[in-house]
Amino acid sequence: MALVLLSDKINSLYKALPEEWPLITLGGALCLVTTRYVIYVVRCRQVKSVIQQRKTRSLEGIQRLQDKLVLEDINGGITDLSFEELQTSLQDGRLTAADVLKAYQAAALCVNDITNAITDVIPSAEALATTLDNKTFGERGPLHGVPISVKESVGLKGVDCTAGLAKLIDNPLPDDSVLVKVLKECGAIPFIRTNLPQAMRSFATVNPIYGLTVNPHNTGRSSGGSTGGEGAIIGGGGSILGVGSDIGGSIRIPCAYCGIPGLKPTNNRISPNGNFGYGTNLSAQKLVPAAYGPMGKDVNSLVQFMRCILCPSMFTLDPTIPPIPFRDEMFLDKRPLRIGYYTFDGYVQCVPAVVRAVQEAKTKLESMGHTVVEFQPPDVPFALDELLYPAFFGDECESYRDLVKYDNTCDILYDWVKFCKYPYFIRWIMGQWRKLTNNDIHNANLMMRRPIRDVSGWWRKYLDLKRYQANFFNQWRAKDLDLVICPCMPSIALKNGLDRQLLVTITYTALYNVMNYPAGTLPITKVSKEDVTNVKDPRYYNPTTHVEKMMKEDFTEDAVDMPVGIQVVGLPYTEEMVLRVMTELESSLK
């Protein structure tokens, strides 16, 4: 009876509607869609306008510095000094902080003309240099007067941290990050900020605000990323020491591409507080967290950075950081070590130049008295496909959707956000199609990763991570290893544009983000003409996948003389041992 009454009521309402109701409804829907589209277009144009204004301010700041400096004869050989020589000259007063700052500002501008690495000139640098020059010798900190470049994501008071995202423009931070505070206490002078990819989710350093940063050794090739601006400015000689972050290789890749040393510490060795994304959803992903670390002209610059930053001040400002100072007893230890090595991780084959670099490092270490044995990391495909990629995209890019809602000017992050909106079965079909049509196994696996649906899914993923880490350590312990050396990237610096397509080549670096092991990068050699010949010879390089074939095609004559780096990897909180071996290798190569 109730159903009959309900049916009658619906019929009476239907009859009461005007005959034109379908047209009215359709018209209303069209008006709604049109209005939403117009709003979207207007917002997109507003975003582009904001981007252009921010870009203009950035260029104006660079131009003001250019106009202020008289570039002739202000260097005086300052930028040719090693870090130790510069540090000593500043401490004993042979050089003033102001003169050193001017020299590196001028050098940075010259490198920027080639690479487009600078996002901002830091106006307070000159005043800070003057203040430091007025200090007595007893008041000088260990980094007194050393100019330092920082990645744009590093927090500075009164400046926005955009990470290449339009929505974060003109949102100045209320305070310096913990890292910057400690560096300033040590006497360092942050003087420029450098470029990065949008939201730091690529190793192609390009974003809609600041544009593309290229390699200082070959402008047709990538500077790497996500700390590509630092790699370019230091690799070109425009900075002696810089700060970057690393969640999948973002310090080590640009270091290898640009021919400089760098260090990704254990995640919780240096405080992230106050840097990009801290305290937001962007920092809530803890399966594979980011780490902040140094990049420099030589290994000694990394040593001095770590020696200074691991101090009571940082442990007080951020009590979550284990109060472990730099351990000189580990760094200065002379006992022979047992070191593992590998040139193929079982996932992506390295080009011959990279294999040669590892072999040369192995020979050097053996000549120093170290024992070097083969080591094979377990199941690297699982570490990346089932642990790293779900950590990167576990929230289906929800953290980024609002940030790029009206910002479609950069295809890397925007395309990932769009892709994550597709139902899983569509992604699975797309991935299978890539596997079948061109054997693109690695990118297909990235596309077909399973979304994490609920809290229990995250718990299961965490258990998978812990089991993998235990299995990896058991194999490390079975070999009785102190350290491991291995490739940093399976390729040398890729041509601009190709780096956007080959995110999956981070297998060698990202493994140690999954493990949370400290890993340093050191340039070992340069690409030779023989390397270019060998990559075409199946005896030396026989690509079997789409990614490897693209790497082979990329390895052309213009790759000659490009730097080739390796990784030195240690167990958690053994950065000092990693730096010890990097120092020994650097000395032997000189």
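The present account deals with the structure reproduced in this document. (Residues numbered from 1 in each chain as written. Predicted model: local features only at pLDDT ≥ 70, side-chain atom pairs only at ≥ 80, totals over all residues. Heavy atoms only, no water.)

Observations concerning the overall build of the protein
Scanning the protein for helices and strands turns up 22 helices and 15 strands. Taken over C-alpha atoms, the radius of gyration comes to 26 Å for the protein, in line with the 25 Å a tight globule of 590 residues would show. Taken over the C-alpha atoms alone, the protein extends approximately 95 × 55 × 50 Å along its principal axes. Relative to its 590 residues, the protein shows a buried fraction of 56%. Taking the intrachain contacts of the protein between residues at least 6 apart in sequence as the baseline, contacts between residues at least 24 apart amount to 80%. Within the structure as shown, the protein displays about 24800 Å² of accessible surface, and the carbon and sulfur contribution to it stands at 57%. (Helix = DSSP H or I, 4+ residues; strand = E, 2+ residues; numbered from the N terminus. Rg over C-alpha atoms; globule rule 2.2 N^0.38 Å. Buried < 20%, exposed > 50% of the residue type's maximum accessible area, 1.4 Å probe, protein only. Contact = heavy atoms within 4.5 Å. Areas by Shrake-Rupley, 256 points an atom, 1.4 Å probe, with all protein chains shown as cover.)

Structural notes on the pattern of salt bridges
This model, assessed by the stated rule, comprises 31 salt bridges. Linking R94 and D92 is a salt bridge whose minimum nitrogen-to-oxygen distance equals 2.8 Å. You can call R94 exposed: its relative accessible area is 58%. Linked through salt bridges whose partners overlap, the residues forming this network are R54, D120, E152, D160 and R193. (Salt bridge = Lys/Arg side-chain N within 4 Å of Asp/Glu carboxyl O.)

Considering the nonpolar core
Ranked by size, the top nonpolar core spans 169 residues in total, and within it Y512 and L579 carry the most contacts. Contact partners of L579, with chain neighbours within four places excluded, come to L263, V299, L302, V303, M306, F326 and F331. V47, A166, I169 and I209 belong to the second largest nonpolar core, which has six residues in total. (Core = buried A, V, L, I, M, F, W, Y, C linked by side-chain atoms within 4.5 Å.)

Notes on the pairing of strand β14 (residues 519-526)
Counting buried positions over the eight residues of β14 gives six, a clear majority of the element. As paired elements, strand β9 (residues 262-264) and β14 share three bridges and run antiparallel to each other. Looking at the pairing, G262 lines up with T521 of β14. With seven bridges connecting them, β14 and strand β15 (residues 563-570) associate as antiparallel partners. Bridged to K526 within β15 is P563. (Pairing = 2+ DSSP bridges.)

Concerning the packing of aromatic side chains
Going through the model one piece at a time under the given rule, you end up with 15 aromatic pairs. Look at F419 and Y422: their rings are 5.7 Å apart centre to centre, the planes differ by 70 degrees, and that puts the pair in the edge-to-face class. In this structure Y422 comes out as partly exposed when scored by relative accessible area, which is 37%. (Phe/Tyr/Trp six-rings, centres within 6.5 Å; stacked < 30°, edge-to-face > 60°.)

Re a positive patch on the surface
Where like charges cluster on the molecular surface, the positive patch consists of R36, R43, K405 and K421. Relative to the helices and strands, R43 resides in helix α2 (residues 21-68). On the basis of relative accessible area, R43 is assigned to the partly exposed category, the value being 38%. (Patch = residues over 30% accessible without salt bridge, like charges linked within 9 Å, V, L, I, M, F, W, Y side chains within 5 Å. Lys, Arg positive; Asp, Glu negative; His and termini not counted. Charge placed at Lys NZ, Arg CZ, Asp CG, Glu CD.)

A word on the packing of helix α9 (residues 299-309) against helix α22 (residues 575-589)
Running from amino to carboxyl end, α9 crosses α22 at an angle of 160 degrees, the nearest separation of the two axes being 9 Å. With respect to α22, the element α9 is oriented roughly antiparallel. Crossing of α9 against α22: the hand is left-handed. Residues V299, N300, L302, V303 and M306 of α9 form the contact with α22, whose own contacting residues are E575, L579, M582, T583 and E586. (Axes fitted to C-alpha atoms, helices over the stretch in contact; angles between N-to-C directions. Parallel < 35°, antiparallel > 145°, perpendicular 65-115°, else oblique. Left-handed = near helix turned anticlockwise from the far one by under 90°.)

Remarks on helix α4 (residues 97-115)
Across its 19 residues, α4 extends 26 Å between first and last C-alpha, which sits within 8% of the 27 Å expected from 1.5 Å per residue. Positive phi appears at N116, one or two residues downstream of α4, with a value of about 60 degrees. (Expected span 1.5 Å × (residues − 1).)

Some thoughts on the environment of E557
Tracing the chain through its elements places E557 in the loop between α21 (546-554) and β15. Setting aside its immediate chain neighbours within four residues, E557 contacts V532 and K536.

Some remarks on the pairing of strand β12 (residues 371-374)
The two faces of a sheet get side chains in turn, since along a regular strand they alternate between them. Two elements, strand β11 (residues 338-341) and β12, share four bridges in a ladder whose sense is parallel. In the strand pairing of β12, R338 is matched with T371. Following the chain from β11 across helix α12 (residues 352-367) to the adjacent parallel β12, one finds a crossover that is right-handed. (Right-handed = clockwise from strand over helix to strand, strands pointing away.)

Some points on helix α3 (residues 83-91)
Every buried residue of α3 is listed here: F83, L86, Q87, S89 and L90. Down the axis of α3, the smallest arc covering the buried residues is 165 degrees, so these residues share one side. Turning to α3, the residues buried within the fold contact α4, β8 (241-246) and α9. One or two positions beyond α3, positive phi appears at G93, with a value near 90 degrees. (Arc of directions from axis to C-beta.)

Purely geometric stuff here, so don't read any function into it on its own.
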